[in-house]
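# A structural walkthrough
Okay, here's what each chain looks like letter by letter:
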Amino acid sequence: MSGRFKQDPPSSASSDSGGEDCIVPPMEEDESNAEMGENEGSQGPSSTRTISSTTPQTSNQNTLRSPRSRRQRTTSQSQTSRSGEPILRGRRRTIYTAGRPPWYDCQGQLVEPFVIGVCGGSASGKTTVAKKIIEELDVPWVTLLSLDSFYKVLTEKQHDDAARNEYNFDHPDAFDFELVVKTLSRLKEGKKVEVPIYNFVTHRRETKTKTMYGANVIIFEGILAFYSHDVIKLLDMKVFVDTDSDERLVRRLRRDIAERGRELDGVLKQYFKFVKPAFDYYIAPSMVHADIIVPRGGDNEVAINLIAQNVMTQLQQRGFKLREKLAHANFGIVRPSSLHLLPSTPQIRGLHTFIRNKDTPRDEFIFYSKRLIRLVIEHALALLPFTDVTVETPQGIPYEGKRIATEKICGVSILRAGETMENALCEVLKDVRIGKILIQTNLDTGEPELYYLRLPKDIKDYHIFLMDATVATGAAAIMAIRVLLDHEVPEDHISLCSLLMTEQGVHNIAYAFPKVRIVTTAVDPCVNEKFYIVPGIGNFGDRYFGTEPSDQ
Ligand SMILES: Nc1ncnc2c1ncn2[C@@H]1O[C@H](COP(=O)(O)OP(=O)(O)O)[C@@H](O)[C@H]1O
Ligand SMILES: Nc1ccn([C@@H]2O[C@H](COP(=O)(O)O)[C@@H](O)[C@H]2O)c(=O)n1
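Residues numbered from 1 in each chain as written. Chains lettered and ligands numbered in written order. Predicted model: local features only at pLDDT ≥ 70, side-chain atom pairs only at ≥ 80, totals over all residues.

Per an unreviewed UniProt entry, the chain is named Uridine kinase, and its organism is Penaeus vannamei. Turning to the chain, the UniProt annotation filed under Function (unreviewed entry) states: "May contribute to UTP accumulation needed for blast transformation and proliferation." What UniProt records for the chain under Subunit (unreviewed entry) is the sentence "Interacts with RNF19B." (UniProt positions renumbered as here; feature names shortened; annotations may be inferred.)

## Here's the deal with the overall build of the chain
Counting its secondary structure elements, the chain contains 16 helices and 24 strands. A burial count over the chain gives 41% of its 552 residues as buried. Taking as baseline every contact in the chain between residues at least 6 positions apart, the subset at least 24 positions apart corresponds to 75%. (Helix = DSSP H or I, 4+ residues; strand = E, 2+ residues; numbered from the N terminus. Buried ≥ 20, exposed ≤ 12 C-beta atoms within 10 Å, placed from the backbone. Contact = placed C-beta atoms within 7 Å.)

## Examining the site of ligand 2
In the vicinity of ligand 2, the contacting residues are S122, A123, K126, D148, Y151, A162, F169, D170, F200, H203, I223 and V275. In terms of residue class, the shell around ligand 2 is made up of seven nonpolar, two polar and three charged. (Near = placed C-beta within 6 Å. Nonpolar A, V, L, I, M, F, W, Y, C, P; charged D, E, K, R; others polar.)

## Some thoughts on the packing of helix 11 (residues 346-356) against helix 12 (residues 362-382)
Where helix 11 contacts helix 12, the axes come no closer than 9 Å and their chain directions differ by 145 degrees. The crossing of helix 11 and helix 12 is left-handed. Of helix 12, the residues touching helix 11 (which contributes L351, F354 and I355) are E364, F365, Y368, S369, R371 and L372. Among the residues forming the contact of helix 11 with helix 12, the class breakdown is six nonpolar, one polar and two charged. (Axes fitted to C-alpha atoms, helices over the stretch in contact; angles between N-to-C directions. Left-handed = near helix turned anticlockwise from the far one by under 90°.)

## A few points about the sheet that holds strand 18 (residues 470-471)
Read across the open sheet, the three strands follow the order 18-20-22; overall the sheet is parallel. Strands with a single pairing partner mark the edges of an open sheet, and in this sheet they are strand 18 and strand 22 (523-524). Sheet strands in contact with helix 15 (residues 503-512) are strand 18, strand 20 (500-502) and strand 22, and its direction is about 80 degrees off that of strand 20. (Pairing = 2+ DSSP bridges.)

## Remarks on the environment of F150
Mapped onto the elements of the fold, F150 is located in the loop between strand 5 (142-146) and helix 4 (156-163). Given 24 C-beta atoms within 10 Å, F150 falls into the buried group. Taking the C-alpha atoms as reference points, F150 and F175, 25 residues apart in sequence, are found 5.6 Å from one another.

## Overview of unusual backbone geometry
With an omega of 5 degrees, the peptide bond running from L415 to R416 counts as cis. Tracing the backbone through its elements, the reader meets R416 in the loop between strand 14 (409-415) and helix 13 (422-428). Of note, the amide linkage connecting V534 to P535 takes the cis form, showing an omega dihedral of 0 degrees. By the element assignment, P535 lies in the loop between strand 24 (533-534) and helix 16 (540-545).

## What to know about the pairing of strand 21 (residues 517-520)
Judged by which residues are buried, strand 21 turns out to be covered on both faces: R517 and V519 on one side and I518 and T520 on the other are all buried. Summarising the sheet, strand 11 (residues 339-341) and strand 21 pair through three bridges and their orientation is parallel. Within strand 21, the position partnered with L341 by the bridge is T520. Here strand 19 (residues 494-498) runs beside strand 21; their pairing, made up of four bridges, is parallel. The residue bridging S498 from the neighbouring strand is T520, located in strand 21.

Below is the structure:
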C-alpha cells in the first residue's frame, strides 16, 4: 500500500500506530481480487473541471435536465430504495433488500459498479454532496461508503489521547487503507462485505457491522479519499468538495458540539493542532487527482446535476435492460449439453396433461405437480457423482452398491413457486438444508429484483439444488445463480431443477453458466410479450397456493 505523500507534516505526530488493524468479520480467505481497479479513469471525465452554480447555462440546458426528472417515480418510492439502506439486515444471515436490480449482463457476467470518490476537508459537505448525487441519480441501487468506517481501533493510550483531543484522527495512519482497498474491491466484484460502523462520540466501533453488497453505483467519501494510490485506482470519477475554510470551521464546531458530544475548546484545540495542518498537507494537495471540483459543496446544484448526468450516461452505456435482452437473445437450435431433460414418456406427458389443463381443480393440480416434482428431484440426484460401496445383506452376502459422493447438499428455492419443490427434496434427502431467495419482477422496468435472501453460512461448501417450478426467460434463475456465485458457490456445484422451461430460458442460462446442470421435465417453445411461457402452465404459484393471479 503506497501513500501519496512521503514526508509527514511537523504537527502530525501523535498516533503511535499501535492500534489493532480492524477486521471485517466474514471476509473470506479468497481475496485474490485485491489487484482490481485497472480501469482508472476509464469511465470518468479526463480533465479536472471546477463547477460553480454561476456557470452560464445556454444551449446545453437540456443536457442539464435532472436525471431524476426523466423518471416519473414518486419521491417516497425512490427514497426507500435509494438513499436509505439498500440492504436491511434481518436476523443473522437473513438479508432483505430494497429490490436489487440485475448487476450482471446477459452472459451472467458482473457489470462493474461505477465508483465515485468524494474528497474534501472535514465538514466541507462531502456527505451532503454524496447524498444529493444519490438523490439526483434516482437509480435503485446506490451504496454510500465512508472512509470514517475504516478508522483503526485505538489502544487504551490512544483512546485517552482522543478524549483529551490529543489524538490525530486526520493523519493517514489513523485509517486502515488496506481494508478500504479490500472492501472497495469486493464491492466492485459484487461480493458481500461487512463494514464497521463508527461512533464519533466514543471513538469506537459499534459491535454491529453494516452489510453491503455491490451496487450499480458506489460513492466513497472521506477526508483522505484520494490519499492512497490503490484507492484512487478503484475510482471511476473523482470529485473534490472545495469549501471555504472559515465555513468548514463553523460547520464543524456546530456539528461536533451538536452531534459528536464535543465542547467548544476541545473542537478548536483539535482543529488547530491536527485538522487544519492535515488539510493543508494532505487533503488540499490531493485536489490534483480530482476530475471535478465542486465549490461550496451541497449548495452547488449545477455541479451535482452535471455529476449525476455523467454517471447516468455511463450507466446507460453499460445497459441494464436484461429481461428484454434475454427474451430476444438468438441462439441456435442445438440444445446445450448441460440440459438434462427427462424423457417424454407417456407417464410424464400424462402428468403434464393434468397440470397444463386450465380446468384441473387445485387439489389435483397439487397432487400431479408433486409427482412431477418428485421425478425431477430424483433425476437431478441421479446426476450427482456416486461412489462404490459394499454392504452385507441379511443373508450375509456382500452387495456391491453405490452411495452418493456429495454429502453436503442444500436446496435453495426461488420464492414463491420454488417453495413447492422443497418437500420433495426433504423426502429424498434427510437433513437437507433449505435456503430461500425472493426475486420479483419490477412492474415498471420489467426487470427481476432481489428482495430477500436466506442461505446457510457455509453455502460455498454445498452442492446446490436450485428450485423454481417454471423458468421463462431465465432472468430470475440467472439472478439466483449469480447470487450463489457471489457467495462463492462453484458453478459446477449448482443443479437448477424445474418442471417446465422454455427454449429461450434453457439457452440463456446455459450460455451464461455452462457448468450449471439444468434438469427439467419439459421445454416449451417460447415466451409471449408478457414473458409468460407458451403454451405453459399459467402462474404455477397462484394455481398451487390458490391465490389470485398476480399481474406478473
Ligand atoms: N451547504 C450547507 N450549508 C450549511 N450547513 C451545511 C451545508 N452542507 C453541510 N452542512 C452541515 O455541515 C456539517 C458537515 O456536513 P457534511 O456533509 O457531513 O460534511 P463532511 O461529510 O464533509 O464532513 C453537517 O452538520 C451539515 O449539516
Ligand atoms: N473519533 C474521531 C474520528 C474522527 N474525527 C474527526 O472527523 C473528521 C472526519 O469526518 P468528516 O465527517 O468531518 O469528514 C476528521 O477531521 C477527524 O478530525 C474525530 O473528531 N473523532
